[in-house]
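Working through the structure, step by step
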Protein chains: 2
Amino acid sequence: LAEDEQTEVRRFLESLELADVASVIEELPQGDDLTAIRLLSLHDQAELIGHFRASAQVSVAERLGKWELVSLMGAMSHDERADLFKQLDETAQEMLLPALSKAEREDLRRLSAHEEWTVGSVMTSDYAVLAPELTSTDAITALRRQALDAETIYYAYIIGESRELLGVVSLRDLLTAPPRQRVADIMDTEPVLVHVNDPQEAAARRVARYDLLALPVLDEDDRLVGIVTADDAMDVSEEEVTEDFHKGSTIQRFDMSVADATITKLYRARIFWLVLLVFGNIFSGAGIAYFEETIAAHLSLLFFLPLLIASGGNAGTQSATLMVRALATGDVRLRDFGRLLSREVAIAVALGVTMAAAVWLIGIWRGGIEVAIVVAIAMITIVLLGALIGMSLPFIFAILEKDPAAASGPLVTSLADVLGVIIYFTIASVLLI
Amino acid sequence: LAEDEQTEVRRFLESLELADVASVIEELPQGDDLTAIRLLSLHDQAELIGHFRASAQVSVAERLGKWELVSLMGAMSHDERADLFKQLDETAQEMLLPALSKAEREDLRRLSAHEEWTVGSVMTSDYAVLAPELTSTDAITALRRQALDAETIYYAYIIGESRELLGVVSLRDLLTAPPRQRVADIMDTEPVLVHVNDPQEAAARRVARYDLLALPVLDEDDRLVGIVTADDAMDVSEEEVTEDFHKGSTIQRFDMSVADATITKLYRARIFWLVLLVFGNIFSGAGIAYFEETIAAHLSLLFFLPLLIASGGNAGTQSATLMVRALATGDVRLRDFGRLLSREVAIAVALGVTMAAAVWLIGIWRGGIEVAIVVAIAMITIVLLGALIGMSLPFIFAILEKDPAAASGPLVTSLADVLGVIIYFTIASVLLI
C-alpha cells in the first residue's frame with residue numbers, strides 16, 4: 001500500500017466498528033493484513049485481535065515482531081491475552097515470556113492454568129476493586145482511575161486483606177447513594193457468584209438468569225480471582241448451544257471451530273455414535289428377518305416399510321427436540337412430565353390419524369383395502385409410540401443425571417425403527433393371514 | 001399465613017435473588033402466591049413479576065385488585081409492562097386503561113403496537129437521555145436523576161428536537177472525560193443501531209457482535225423510539241436458538257412456551273413437515289418395489305436394509321447439523337464450501353470404511369462373503385452420499401436465501417433413505433446375479 005492509499009484505508013477502517021474491521025482484515029492476503037493492523041492505534045489493535053477467530057489470531061501473532069507482540073499483549077484484555085498465549089506453540093511462548101513484565105507473566109500463568117470448559121478458562125482478571133471504607137464519591141473517583149484498564153467499571157468488587165470477597169457494588173448504586181455514604185453500607189454482601197472450577201455454563205446461566213453485567217469468580221479458598229463479563233457469558237452460551245446442537249445429532253464435543261477442525265478431530269467426534277447406532281439398527285434387521293415369511297407372502301408390504309418407520313422417527317425426533325430444548329431453557333421441569341405426557345398422547349394420535357389418512361389411498365392402490373387398513377393402523381401406532389419415546393427419553397436421561405440433549409434425533413429414530421418394524425409386521429401377520 | 005410466619009417468610013424471600021423468589025412463588029398454591037408477593041416492596045414486586053413465565057404473570061394480574069395492578073404496572077419496566085398488558089384479555093385491558101396515566105397509556109399503546117418477532121416487540125422506552133450541550137459533570141448529575149426510572153444509565157442517548165438520534169455516550173466515557181467537556185464532543189455520532197421493524201434477531205446479533213449493553217432503536221423516520229438492552233437481547237437469542245432447534249427437527253415456529261402451548265398449536269407446528277415427509281418416503285417405497293425381484297431372490301438382503309439407510313441418514317444429519325450451526329454463528333461462510341467439501345469427502349470415507357468394517361462379520365454370517373461385499377460397498381457409498389447431502393443442503397438453502405436451519409435431520413434422513421435403497425439394491429443386483 002502506498003502512503004496516500006494508507007490514509008484512505010485508515011479513514012475507511014476508522015469509520016467501521018472494530019468487529020467489522022476484524023472481518024475485513026481477516027480476508028486480506030498475508031502481509032496486507034499486518035499493514036492494515038498497523039494503521040490502527042495500539043488500543044484498537046488490542047481490541048481488534050480479540051475479534052479474530054483463533055486461527056487468524058495465531059497467524060497474525062506469529063508474523064508480528066517480538067516486541068510488537070509484547071506491547072500488543074500488554075494492551076489486550078487479560079482473558080483474551082491468555083487465550084492467545086495458550087494457542088501459540090511452545091517456542092513462541094518461551095520466546096515471549098521473558099519479555100513480559102512479572103505481573104503479566106504471573107497473570108498469564110494463572111489464567112492459562114484452568115481446564116477447558118471451566119469458569120476459570122473464560123474469566124478475566126482485570127476487574128475494578130474498591131476499599132470498603134471509601135465514600136461513594138471517592139469510590140467513583142477511584143473507578144474513574146481504573147476505567148482505562150478494567151474490563152468493566154459498572155460493577156466493582158470489594159475485597160478484604162486475603163482477597164476474600166466482601167461484596168459487590170454497581171456504579172449505578174454508587175451514583176444514587178448519598179455522597180458521604182461508605183461503600184461498605186451500599187454494597188451487596190451476598191452477590192451471585194461462581195467458583196473457578198465450576199463448568200463454564202454455570203457462569204453463563206447465572207449471568208442470564210440474574211440479568212448481570214458481570215459475575216465474580218472465587219477460588220477454592222473463596223478468594224476473588226476473576227470475573228466473567230456478560231459478553232463473555234454470551235460467548236459461552238453460544239458454545240454450549242453449539243454443543244447441544246451437536247449432541248442432538250450424535251456429534252461429541254470438540255474444542256475448536258468447525259471451520260478450523262482437522263479431519264481427525266471431526267472423525268473422532270462423529271464415529272462413536274455412528275458405529276453404536278449401526279449395531280442398534282441390527283435389531284431392526286433382525287425384526288425383518290423374523291417376519292421373512294409374512295414378507296415373502298406379501299411383498300407389497302415392503303413398499304410401506306420406509307414410510308412407516310421414518311414417520312415414527314420423525315414424530316419422535318420432533319418430540320425429543322421440543323423436550324430437550326424446553327428442559328435446557330427451564331421452560332419445562334421434570335415434574336411436568338405427567339401433564340405433558342397426556343397432552344403428547346392427544347397430539348400424537350391427531351398427527352398419526354392425519355398421516356394415516358394421507359397414505360390411505362396409496363395403500364388401497366398398492367395393496368387393496370386390507371393392506372390399507374394394516375398401514376393405517378400401523379401408522380397411528382408407530383407415530384404414537386415414536387412420539388412417546390421421543391418425549392420420554394430426555395426425561396429419563398435427566399432423571400439418570402445424563403444430559404437430556406443426548407436423547408438425539410438419530411437415537412430416537414433408531415429406537416422408532418426397531419419398534420416400527422415389529423409393529424408393522426405384527427399387525428400385518430395378524431390381519432392378513 | 002399467620003403474622004409471625006409472614007415475618008419469617010419475608011426474611012427468607014429477602015435473602016434470595018428476585019429470579020429465585022419468582023421460581024419459589026410460582027410453585028405456591030393460588031392465594032398463598034399473592035400473600036407472598038405482597039410481602040415485597042412495590043419496586044421488588046415490579047421486578048419479580050417480570051421473572052414469572054407468561055401464564056403465571058397473567059394469573060397473578062387477574063387476581064390482583066384493579067388499583068394494586070395499576071400501581072404495580074406503574075413500577076414495572078416499560079417493555080415488561082407492555083408484554084403483560086398484551087397477554088391480558090380484552091375485558092381486563094379495557095378496565096385497566098382508564099386507570100392509567102395518559103403517558104402510561106400512550107407508552108403502552110406504542111409498545112404494544114409492534115408485530116411479534118420485530119425489534120419493536122422487544123424494545124423498551126425507559127432509556128436515559130441527555131442534551132448535547134451539557135458538560136460531562138452535568139450529564140452525570142442528569143443520569144443520577146434518571147437512575148430510578150431508566151432501564152440502564154450506562155448508556156445515554158442524545159436526541160435532537162424531533163427526537164432524531166444525534167449520538168450515544170457511555171457513562172464510562174462521561175466519567176473519564178474532562179469535567180467541562182461537552183457531551184456533543186464525547187458522544188459516538190455513528191453508533192450501531194437497529195430499526196423498529198427489523199427482525200428481533202438483528203438486535204440480538206448486533207448486541208452480541210459489538211459487545212454492547214444496549215442498542216438504540218429508530219422508527220421509519222429515524223427518530224429514537226426505544227432501546228434493546230443486553231439482557232433482553234440474550235432472551236431474544238435464546239428464542240431464536242429455540243427456533244433453530246425446532247426447525248432442525250421440522251417443527252414450525254409457534255409463539256409461546258412448550259409448557260404452555262395447546263394441543264392445537266403444537267399439532268399445527270408439527271403436522272406440515274410430517275405429512276410432506278410421508279410423501280417423500282413414498283419414493284423409498286417405490287425404490288424397494290422396483291427391486292422386488294432382486295429382493296425376492298435374496299431375502300437375506302432385507303436384514304441389512306434398516307442399518308444401511310439409517311447409517312446414511314445419521315452421517316448426513318451430523319454433517320447438516322455441523323454446517324447449519326457453523327453458518328448460524330458465522331464460523332463458516334458460503335465461500336468456505338469448496339474447502340469444506342473436500343474435507344468432508346475424506347471424513348465420510350473414513351467413517352464409511354469404519355462402519356463397513358463393523359458390519360463385515362455380520363454380513364458374512366447372515367449372507368456369506370458375497371452379501372458381505374455388497375453390504376460393505378453399499379455402506380461406504382451410502383455414508384459418503386448421506387454426508388455430502390447433509391453438508392450441501394444448508395449451503396444450497398443459504399444460496400436460495402432460505403434459512404439453512406430448514407436443512408433438518410428428518411429431511412436429510414428422508415433423502416438419504418431414498419438414495420440408500422437405490423444404491424444398496426443396485427449394487428446387490430449387479431454383484432449377486
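Residues numbered from 1 in each chain as written. Chains lettered and ligands numbered in written order. Predicted model: local features only at pLDDT ≥ 70, side-chain atom pairs only at ≥ 80, totals over all residues. Heavy atoms only, no water.

Okay, the overall build of chain A next. Along its length, chain A carries 19 helices and six strands. For the C-alpha atoms alone, the extent of chain A along its principal axes is close to 90 × 60 × 40 Å. The buried share of chain A, taken over its 433 residues, is 54%. Accessible surface computed for chain A: about 18,500 Å², of which carbon and sulfur atoms make up 56%. On chain A, the mean spot of the 34 positive side-chain charges and the mean spot of the 63 negative ones are 3 Å from each other. (Helix = DSSP H or I, 4+ residues; strand = E, 2+ residues; numbered from the N terminus. Buried < 20%, exposed > 50% of the residue type's maximum accessible area, 1.4 Å probe, protein only. Areas by Shrake-Rupley, 256 points an atom, 1.4 Å probe, with all protein chains shown as cover. Lys, Arg positive; Asp, Glu negative; His and termini not counted. Charge placed at Lys NZ, Arg CZ, Asp CG, Glu CD.)

Parsing chain A into structural domains produces domain 1 (3–113), domain 2 (128–230) and domain 3 (263–432). Distance between the C-alpha centres of domain 2 of chain A and domain 3 of chain A: 51 Å. (Domains from an automatic or database assignment.)

What follows concerns the relation of the copies chain B and chain A. The operation relating chain B to chain A is a screw motion whose rotation component is 180°, with 0.0 Å of axial translation and a residual RMSD of 0.1 Å. Interpreted geometrically, this transformation is the action of a two-fold axis. Most of the interface of chain B is mirrored in chain A, where 100% of its interface residues are also at the interface. (Least-squares fit on C-alpha atoms with pLDDT ≥ 70 in both. Contact = heavy atoms within 4.5 Å.)

Our focus in this paragraph is helix α5 (residues 54–63) of chain B. Of the residues making up α5 of chain B, those classed as buried are A56, Q57, V58, V60 and A61 of chain B. Buried-residue contacts for α5 of chain B involve α2 (18–26), α3 (32–38), α4 (42–51), α6 (66–75) and α7 (78–87) of chain B.

We now examine the interface of chain B and chain A. Listed per partner, the contact involves 110 residues of chain B and 110 residues of chain A. The junction of chain B with chain A conceals about 9,900 Å² of combined surface from both sides, 65% of it contributed by carbon and sulfur atoms. If you sort the residues of chain B by the area they bury against chain A, R172, F245 and R270 of chain B come out on top, with a joint share of 8%. At the boundary of chain B with chain A, the tally comes to 10 salt bridges. Taken together, the connections running from chain B to chain A amount to 55 residue pairs in polar contact (both at pLDDT 80 or more). Ranked by the residues each element gives to the side of chain B that touches chain A, the list is headed by helix α15 (residues 263–290) of chain B, at 17 residues. When its residues are assigned to classes, the side of chain B that touches chain A shows 59 nonpolar, 24 polar and 27 charged. (Buried area = accessible area lost by both parts, 1.4 Å probe. Salt bridge = Lys/Arg side-chain N within 4 Å of Asp/Glu carboxyl O. Polar contact = N/O pair within 3.5 Å; in protein donor to acceptor, adjacent residues only side chain to side chain. Nonpolar A, V, L, I, M, F, W, Y, C, P; charged D, E, K, R; others polar.)

So, on to the pairing of strand β6 (residues 224–229) of chain A. Residue and element names in this part refer to chain A. Among the six residues in β6, five count as buried, and that is most of the element. The sheet contact formed by strand β5 (residues 214–218) and β6 spans five bridges and is antiparallel. Within β6, the residue paired with L215 across the bridge is V228. (Pairing = 2+ DSSP bridges.)

Take a negative patch on the surface next. There is a patch of like negative charges on the surface, built from E47, E116, D235, E238 and E239 of chain A together with D211 of chain B. Note that E238 of chain A resides in helix α14 (residues 230–248). According to the relative accessible area criterion, E238 of chain A is partly exposed, its value standing at 39%. (Patch = residues over 30% accessible without salt bridge, like charges linked within 9 Å, V, L, I, M, F, W, Y side chains within 5 Å.)

Moving on to the sheet that holds strand β3 (residues 165–170) of chain B. Paired through backbone hydrogen bonds, the strands of a sheet run either parallel or antiparallel to each other. All names here are of chain B. What the three strands build is an open sheet, ordered β1-β2-β3; its pairing is mixed. The strands lining the two open edges of the sheet, one partner per strand, are β1 (128–130) and β3. On average, each strand axis in the sheet is tilted by 35° relative to the strand beside it, whichever way the strands run. Examined bridge by bridge, β1 and strand β2 (residues 155–159) share three bridges and lie parallel to one another. Of the residues in β2, the one forming a bridge with A128 is A156. Against the sheet, helix α10 (residues 136–146) makes contact with β1 and β2, and its axis sits at roughly 150° relative to β1, the strand it touches most. (Axes fitted to C-alpha atoms, helices over the stretch in contact; angles between N-to-C directions.)

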